Amino acid sequence: MKYKWGIIGTGYIAGRMAANLRDHYSPAVAVAARNYDKTKKFAQKYQIQQAWPTPTELFADSAIDIVYIGTPNNTHYDFIKKALLAGKHVLCEKPMVINREQFLELVNLAKEKQLILEEAYTPFHMPVMNKIKEAIDAGKIGKVCEVQANFSAAIKNPNPKGRLYNPALGGGNLLDMGCYPICFAQLFMSVTNLKIKSDVQMGSTGVDIASQILLENDKQQFARLSSSFRDLMPKIGVIAGEKGYIIVDHFSRSDHATIHYLNSKTEEINAGDSEQAWLYEAYDFEQYIDAGKDRGELAMSYTIIKIMDVLRQSWKFKYPNELKIQENN
């Protein structure tokens, strides 16, 4: 392990990253979260040497090169800024921030500090996605005409104060799930000069709970994207071309896809391991540090947040801190 990782957060996603580092790479060296008792248990479980009482103490730890942030959405901006100011490279769970203004501010800060900042979108790093791109570039399905993707989960007994439904915590389906279909679409179609249309259903807590999104570019390509907290549907992505189509199973961290040709023949694509999705992120991130730049992933993240800003604007949906800034201006 070339670099030393510190983790902010002790929830499910932080646990997946910690487990991937422990089992397939080398354990993180430090962890911090708001509950110190949970932090100490998390450190013991994932063989992490240092459990810090607060994130501030972790940021000050000179042994740490990279900070991985896996906390609720509303905390990302402050944690990223503090980590960058402390001289740490940062990999933050999606959504990195809630709007493009925050995004650009942090990107500029990272550039100023000569640090790498990235958003942890697993589709950017799954080996099977590169294999799919190679198949498309080889002309196996012809020109890509349409991309479809759905990311839905039937949330049982929704908690209005929890991170998914609470606007104060950056809740809402678009930032939690809807970002994944957008991410998938831009991997396989141009996202320049987009026309963006959508339908949305808002929940009783004031956040979006389901949406249908249509993207159309100037190359006659469409993306039909959906996400929801209300219903359970397979997380399948489809890339449709003039000579066939590709189905990508569980596209957010897939390791398998199938090409379907016009003559009814099929071809399987297998690469990577979906259970090691966070490990691929870590590997790539360290390569970015070595190179001093990424391979275009941060620019793709910026496209996603811009699209989500346009959608939320059309839905007249702002988060509480955005409203406060608007009032102060």
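Residues numbered from 1 in each chain as written. Predicted model: local features only at pLDDT ≥ 70, side-chain atom pairs only at ≥ 80, totals over all residues. Heavy atoms only, no water.

## Quick look at the environment of Glu119
Part 1: By the secondary structure assignment, Glu119 is in strand β6 (residues 117-120).
Part 2: If near-sequence neighbours (up to four positions away) are discounted, Glu119 is found in contact with Leu91, Cys92, Lys94, Pro95, Met96, Phe103 and Ser301. (Helix = DSSP H or I, 4+ residues; strand = E, 2+ residues; numbered from the N terminus. Contact = heavy atoms within 4.5 Å.)

## Describing the nonpolar core
Part 1: Core analysis: the biggest nonpolar cluster contains 106 residues, and Met129, Ile132 and Ile239 have the highest contact counts within it.
Part 2: Among the elements that make up this core, the one with the highest residue count is helix α7 (residues 173-188) (eleven residues). (Core = buried A, V, L, I, M, F, W, Y, C linked by side-chain atoms within 4.5 Å. Buried < 20%, exposed > 50% of the residue type's maximum accessible area, 1.4 Å probe, protein only.)

## Things to note about the side chain of Ser228
Part 1: Here Ser228 lies in strand β10 (residues 222-228).
Part 2: On the basis of relative accessible area, Ser228 is assigned to the buried category, the value being 3%.
Part 3: Discounting chain neighbours no more than four positions away, the residues touching Ser228 are Phe151, Ser152, Ala153, Asn173, Met177, Ile209 and Ala210.

## A look at the pattern of salt bridges
Part 1: Applying the stated criterion to the full structure yields 15 salt bridges.
Part 2: Across the pair Asp23 and Arg22 runs a salt bridge whose closest N-O atoms are separated by 2.7 Å.
Part 3: Between Arg295 and Asp284 there is a salt bridge, and its shortest N-O distance comes to 3.2 Å. Remark: Asp284 occurs in helix α8 (residues 277-291) and Arg295 occurs in the loop between α8 and α9 (297-315); sequence separation between them is eleven residues.
Part 4: A relative accessible area of 11% places Asp284 in the buried class.
Part 5: Via salt bridges that share partners, Arg100, Asp309, Arg312 and Glu322 belong to a single interconnected network. (Salt bridge = Lys/Arg side-chain N within 4 Å of Asp/Glu carboxyl O.)

## A word on the layout of surface pockets
Part 1: Each pocket or cavity is described by its volume, and for the largest pocket that value is around 1,000 Å³.
Part 2: Counting only elements with at least two residues in the lining of the largest pocket, the list comes to α1 (12-24), α4 (76-85), α7 and α8.
Part 3: Considering each element in turn, the lining of the largest pocket owes the most residues, three residues, to α7.
Part 4: In terms of residue class, the lining of the largest pocket is made up of 16 nonpolar, 13 polar and eight charged. (1 Å grid on protein atoms, 1.4 Å probe; cavity = no way out; pocket = protein on both sides within 12 Å on 5 of 7 lines; lining within 4 Å. Points joined across faces, edges and corners; volume = space filled by probe spheres on them. Nonpolar A, V, L, I, M, F, W, Y, C, P; charged D, E, K, R; others polar.)

## Details of the sheet that holds strand β7 (residues 144-152)
Part 1: A sheet is described by the order of its strands in space; here eight strands give the open sequence β8-β9-β10-β7-β11-β12-β13-β14, paired in mixed fashion. At either end of the open sheet lies a strand with only one pairing partner, and these are β8 (195-202) and β14 (266-270). For this sheet the average axis-to-axis angle between neighbouring strands, irrespective of direction, equals 10°.
Part 2: Strand contacts of α9: β8 and β9 (208-216), with the helix running at about 55° to β8, the strand carrying the most contacts. (Pairing = 2+ DSSP bridges. Axes fitted to C-alpha atoms, helices over the stretch in contact; angles between N-to-C directions.)

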